[in-house]
Amino acid sequence: KEHMATTLAVIGASGQLGSAVVAHILTDTKFPPSNLIAITRNVNSAKAKGMTEKGIKVRCGDADKPETLVTALEGATRVLIIPSKAFGAKRCQQYENIVGAAKKCGVKHLITFSLTGLSVELKFDITPALTFMESVVRTSGMPWTILRNGMYMDEIVAWVPDIVKMGTIPYPTAEGKSTYVMKDDIARAAAQVAAGEGHENKVYNLCNCEAYSTGDLCRTIAEVTGKKVEFKNASDEDYIKAGIASGDPEPLVRALLTMYWSVRDGAFGKPSSDIESLTGKKPISFKEALVSSKTE
């Protein structure tokens, strides 16, 4: 009955995290697909068409165009916001647009992602936008839920071939630790919140139940691959050079550098059991993720 009264809209439903959340709502919960609205900028994408085939309403909505959001959110009572990759003022404006449209449409519950360890003192470049996003949602007048993600483990797993070639991970983190977590574990927990009840006005930390230093990551990669991978106290320049060599644009590399400064400061090092509490299953460890990637 609760599900019948709830219509859930997912903004950013065709991205990596958004589509994973939608998939877990369908497989892990009893939430009816007919009560799901997938909002995406491209309704003709393969992912969007796949959602339509599963009985989900797919609507066009662009966070930069608030008029499209008002149309897309019609009938929604709960909204899950998947943040875009926009930085700074643009991302802040997107959140104002989304919250404004949600108010116009009579939405009763906002859910959004953020970052574990968030504080105004954080050195990560995106901090001002993240704190703004949380504030806009929490002062909207609607019940809210904040899902604070840990740093993604996926990127490290995908980078392993290059890490083996380099013989180290060039993160300038010193002994700082982070609760790296796979996106799929975040999506599993987010699906339970988005499709469930009783999560209003709560903050969940969707990160790992153990924290890893860069030295821990190096030792685990060496163990699983049998290759020589050793921790070296990388400098900022080491990371910038490696990031650009891997094909990332320099502005992005320099922005991500500030994230690793926050790791060095210990900002992302507090483990959480929230994923297990929400799903009944712990997030997978770094070693498990590496072993799984080798068998795929």
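Residues numbered from 1 in each chain as written. Predicted model: local features only at pLDDT ≥ 70, side-chain atom pairs only at ≥ 80, totals over all residues. Heavy atoms only, no water.

1. Details of the pattern of salt bridges
Enumeration over the complete set of coordinates arrives at 10 salt bridges. A salt bridge links Glu197 to Arg78, with the shortest nitrogen-to-oxygen separation between them at 3.2 Å. Taken as a pair, Glu197 in the loop between helix H8 (183-195) and strand S8 (202-206) and Arg78 in strand S4 (residues 78-81) lie far apart in primary sequence, 119 residues in all. Among the residues examined, Arg78 registers a relative accessible area of 4% and is labelled buried. We note a salt bridge from Arg219 to Asp216, for which the minimum N-O separation is 2.8 Å. Highlighted residues: Arg219 and Asp216, both in helix H9 (residues 214-225), separated by three residues, approximately one helical turn. (Salt bridge = Lys/Arg side-chain N within 4 Å of Asp/Glu carboxyl O. Helix = DSSP H or I, 4+ residues; strand = E, 2+ residues; numbered from the N terminus. Buried < 20%, exposed > 50% of the residue type's maximum accessible area, 1.4 Å probe, protein only.)

2. As for the pairing of strand S6 (residues 144-149)
Burial analysis of S6 places six of its six residues in the buried class, which makes it a mostly covered element. Across the two faces of S6 the burial is the same, with Trp144, Ile146 and Arg148 and Thr145, Leu147 and Asn149 all buried. Here six bridges tie strand S5 (residues 109-115) to S6, and the two strands are oriented parallel to one another. Pairing of Phe113 across the sheet is with Leu147, part of S6. The parallel pair S5 and S6, bridged by helix H6 (residues 127-138), forms a crossover whose chirality is right-handed. Of the pairings in the sheet, the one linking S6 to S8 comprises five bridges and is parallel in character. Considered in S8, the bridge of Leu147 is made with Tyr204. (Pairing = 2+ DSSP bridges. Right-handed = clockwise from strand over helix to strand, strands pointing away.)

3. Concerning the sheet that holds strand S1 (residues 8-11)
As summarised here, the arrangement of the seven strands in space is S3-S2-S1-S4-S5-S6-S8, forming an open sheet in which the pairing is parallel. One side of each edge strand has no neighbouring strand; the edge strands of this open sheet are strand S3 (57-60) and S8. Mean inter-strand twist for the sheet, computed between neighbouring axes without regard to direction, equals 20°. (Axes fitted to C-alpha atoms, helices over the stretch in contact; angles between N-to-C directions.)

4. Regarding the side chain of Arg148
With respect to the helices and strands, Arg148 occurs in strand S6. Leaving out residues up to four positions away in the same chain, Arg148 has contacts with Ser114, Leu115, Thr116, Leu118, Glu134, Val203, Tyr204, Asn205 and Leu206. (Contact = heavy atoms within 4.5 Å.)

5. Focus: the packing of aromatic side chains
Counting across every chain of the model gives five aromatic pairs. Within the aromatic cluster, the residues linked to one another by ring pairs are Trp159, Tyr171, Tyr239 and Tyr260. (Phe/Tyr/Trp six-rings, centres within 6.5 Å; stacked < 30°, edge-to-face > 60°.)

6. Quick word on the side chain of His199
Relative to the helices and strands, His199 is located in the loop between H8 and S8. For His199, a relative accessible area of 11% gives the class buried. Within the local environment of His199, its side chain forms a polar contact with the side chain of Tyr204, the two groups lying 2.7 Å apart. (Polar contact = N/O pair within 3.5 Å; in protein donor to acceptor, adjacent residues only side chain to side chain.)

7. Re H6
When the terminal C-alpha atoms of H6 are compared, their 16 Å separation across 12 residues agrees well with the 16 Å that a helix rising 1.5 Å per residue should span. Inspection of H6 places Thr127, Ala129, Leu130, Met133, Glu134, Val136 and Val137 among the buried residues, and these make up the whole buried set. On its buried face, H6 sits against helix H5 (88-104), S5 and S6. (Expected span 1.5 Å × (residues − 1).)

8. Quick word on the environment of Ser114
One can find Ser114 in strand S5. On the accessibility criterion, Ser114 (8% relative accessible area) is buried. Residues Ser114 and Pro251, 137 residues apart in the sequence, show an inter-C-alpha distance of 22 Å. Filtering out sequence-adjacent residues up to four positions away, Ser114 remains in contact with Leu130, Glu134, Ile146, Leu147, Arg148 and Asn149. Within the structure, the side chain of Ser114 is placed 2.6 Å from the side chain of Glu134, a separation counted as a polar contact.

9. With respect to the packing of helix H2 (residues 16-28) against H8
One way to put it is that H2 packs onto H8 with a least axis distance of 8 Å and a crossing angle of 60°. By the angle class used here, H2 and H8 are oblique. Regarding H2 and H8, the two cross each other, and that crossing is right-handed. Contacts between H2 and H8 involve Gln16, Leu17, Ala20, Val21, His24, Ile25 and Asp28 on the former and, on the latter, Lys183, Asp184, Ile186, Ala187, Arg188, Ala190, Ala191, Gln192, Ala194 and Ala195. (Parallel < 35°, antiparallel > 145°, perpendicular 65-115°, else oblique. Left-handed = near helix turned anticlockwise from the far one by under 90°.)

10. A short note on the pairing of S4
Here S4 shows a buried face lined by Arg78 and Leu80 and a second buried face lined by Val79 and Ile81. Bridge count for S1 against S4 is four bridges, and the pairing is parallel. The residue bridging Val10 from the neighbouring strand is Leu80, located in S4. In this sheet, S5 lies alongside S4 in parallel orientation, the contact comprising four bridges. Residue pairing for S5: Val79 is matched across the bridge by Leu110.

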